[in-house]
Amino acid sequence: MSDLTADPTEPQVDEEMSRRGFVRVAVTGVTLAYVAAIGYPIYRYLNSSVEKSAAMAAVKDVTLDKANDIPKGTALMFKFGIRPAMLIHHEDDSWVALDAVCTHMGCTVKFDAAKGNIHCACHGGTYDAKTGQNIGGPPPRPLTVYKVAVNPTSVTVSRV
Amino acid sequence: MSKVQDYLIERLGIADTIVYAKKKTVPIHKQSFWYYWGGISLFCFIVQAVTGILLMVYYRPGPEAYESVRQITFETQFGWLIRSVHNWSATIFLVSVFIHMFSVFFMKAYRKPRELGWWSGMLLLLLGLTFGFSGYLLPMDDLSYFATKVGLEVPNTIPLIGPAIANLLRGGLEVSEFTVQRFFALHAVILPILYLPLLAIHLWLIQKHGNALPPTEEAKPESERRNMPFFPNFLAKDLAMWLITLNVIAVMASLFPWNLGPPADTLAPAPEGIHPEWYFMSQFATLKLVGRILPGMWGEAFGMTLFTLGLVLWFLIPIFDNDKANGVRSRQVTYFGIFVVAVLILTTIWGYIGL
Ligand code: FES
């Protein structure tokens, strides 16, 4: 299209370009909207069980029926929300409740009554059974300690 | 960008394919509209695969089947939507498959060299119906329970081996959690394994032979026929159809979410007005009709034989009407097709009125 024959009603070159640009933006926008409209429900759907488990994990305390009866020098495994935890009744009649997930790589730890400490079989980590302090092996942090209240017929464990 | 393209084209060795794809054309004529229905069926199948896998994430076959579907429908975020899309897309899938089949039939697109396309398509249809039948039981609510109970009476009428087949399908003498478990294996593993290679063959045949022309077009000289390039013109239109289908599915699924009835209960009587899904309605109504004229076992056997014969006849059409030169046979087949469509529609309507 030369200047001589230019028809004012016909779209100019850069107008044509900008129309193309507009179409491209519109198509991209609509495509993104579809991707979001399909992707969001699928994400929420797949995440649904995660949300449920997060809600369960958010508990503040657990009451363990008859746990006040466990003999001295033994431990009781229980679930605090969804995490494994242990309640230890020490020989000196003191009570300790701790998170039972090893801070190294997540194995469940075990109370070793003979040695009086907590042991992790996965890589040989050890923790102090009263404070939860990491005292040997690879674990980088102490175990989380919970608050214990011994009631006449139960034990209540709660977050500190 | 083009460097990456060149790299891939060379490494994948698809230069010939691309040249071929660029030359591929699709005929344009008054009946071109019917070319889209195979593609729509394919799209619905893809939706089925995606939503099916998503449902499998939470669905638990066996004794917990009902409870898990209840959780998906009422407790899981957007679970009702995924389930509803799976059901609506199944419905639209079968609608488009039927439209596709009848348009192929009336366009005479089963003639040489496309017989295998017709036969693979028929097998895909049968597998599709089996998908529908097996999937219907999975929620294990009252309707699916009775539908399966009644449906399994069909193989039961096969002489001699019928009861054994029905028992094997059922996994017992009654529909139970074992039935759900094996229907799940059928629905989510066995049928896809059978379906996918057959689908690949079906699609490959279409690439190989191209779109068939209806007889009216075929009669025209080559110079008067019009074509459009497959890429990008037909593909763009195909994708537009897919988009429309997606929107229809989305609207139906959200406005009419699929129902979940009360749990299956062996002691509860069948609910009033119980009937199969629409795609089995014609058979259901015909059996009821035959049962009135010819009560008892003989009527049922007669009805079943009728269906089987009709299906075999339908299947063998490419052998009977194989030549465009034979106008008499071609016309007979067209009348037969109109008759079949009319019977299917009338019995279906009658079935719904008679509820
Ligand atoms: S996981 Fe416990 S020591 Fe490694």
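Residues numbered from 1 in each chain as written. Chains lettered and ligands numbered in written order. Predicted model: local features only at pLDDT ≥ 70, side-chain atom pairs only at ≥ 80, totals over all residues. Heavy atoms only, no water.

### Re the overall build of chain B
Which entries qualify depends on this criterion: Going along the chain from the N terminus, every DSSP run of H or I of four or more residues is numbered as a helix, and every run of E of two or more is numbered as a strand. It is over C-alpha atoms that the radius of gyration is taken, and the globule rule equals 2.2 Å times the number of residues to the power 0.38. Values of accessible area rely on a 1.4 Å probe in the Shrake-Rupley scheme; residue burial ignores everything except the protein chains shown. In this tally, Asp and Glu contribute negative charge and Lys and Arg positive charge; neither His nor the terminal groups of the chain are included. Charge positions come from single atoms, namely NZ of Lys, CZ of Arg, CG of Asp or CD of Glu.
When its secondary structure is counted, chain B shows 16 helices and two strands. The C-alpha atoms of chain B give a radius of gyration of 23 Å, which matches the 20 Å a tight globule of 355 residues would have. Along the first, second and third principal axes, the C-alpha atoms of chain B reach 70 × 55 × 35 Å. With the model as given, the accessible surface of chain B reaches about 20,000 Å², and the carbon-plus-sulfur share is 71%. Positive and negative side-chain charges of chain B, numbering 26 and 23 respectively, have mean locations separated by a distance of 11 Å.

### Some words on a nonpolar patch on the surface
All names here are of chain B. Formally: Each patch is built from residues lacking any salt bridge and having more than 30% relative accessible area; the joining distance is 9 Å for like charges and 5 Å for nonpolar side chains (Val, Leu, Ile, Met, Phe, Trp, Tyr). Between Lys or Arg on one side and Asp or Glu on the other, a salt bridge is scored when a side-chain nitrogen of the former is within 4 Å of a carboxyl oxygen of the latter.
Nonpolar side chains collect at one region of the surface, where Leu289, Ile293, Leu294, Trp298, Phe302 and Leu306 lie side by side and expose about 660 Å² of accessible area between them. Contributing elements (two or more residues each) for the nonpolar patch: helix H13 (281-293) and helix H14 (297-315). For the nonpolar patch, the leading source of residues is H14, giving three residues. Here Leu294 shows up in the loop between H13 and H14.

### Considerations on H13 of chain B
All names here are of chain B. Spelled out, the test is: Residue count minus one, scaled by 1.5 Å, sets the expected span of a helix. The buried label applies to any residue whose accessible area, calculated with a 1.4 Å probe on protein chains only, is under 20% of its type's maximum; exposed applies above 50%, and partly exposed to all values in between. Here the arc refers to the set of directions running from the helix axis out to each C-beta atom.
Across its 13 residues, H13 extends 19 Å between first and last C-alpha, which sits within 8% of the 18 Å expected from 1.5 Å per residue. Among the residues of H13, those classed as buried are Met281, Ser282, Ala285, Thr286 and Val290. Down the axis, H13 shows its buried residues gathered within 160 degrees of arc, on one side only.

### A short note on the domain arrangement of chain A
Quick reminder of the rule: The source of the domain bounds is an automatic or database domain assignment.
For chain A, the assigned domains read domain 1 (1-58) and domain 2 (61-158). The distance between the C-alpha centroids of domain 1 of chain A and domain 2 of chain A comes to 54 Å.

### Some remarks on the sheet that holds strand S8 (residues 134-136) of chain A
Residue and element names in this part refer to chain A. The cut-off we apply is this: By definition, two strands form a pair when at least two bridges between them are found by DSSP. Note on geometry: axes are C-alpha line fits, over the in-contact stretch for helices, and angles between N-to-C directions span 0 to 180 degrees.
On the basis of which strands lie adjacent, the open sheet formed by four strands has the order S5-S6-S7-S8 and antiparallel pairing. Pairing within the sheet leaves two strands with one partner each, and these edge strands are strand S5 (110-112) and S8. Averaged over all pairs of adjacent strands, the angle between strand axes in this sheet comes to 40 degrees, irrespective of strand direction. Pairing of strand S7 (residues 126-128) with S8 involves two bridges; the strand directions are antiparallel.

### Quick word on the sheet that holds strand S10 (residues 154-158) of chain A
Residue and element names in this part refer to chain A. Pairing is antiparallel in the open sheet, where six strands are placed in the order S1-S10-S9-S4-S3-S2. On the outer flanks of this sheet lie strand S1 (61-65) and strand S2 (74-80), each paired with one strand and no other. Along the sheet, successive strands turn relative to each other by an average axial angle of 25 degrees, direction set aside.

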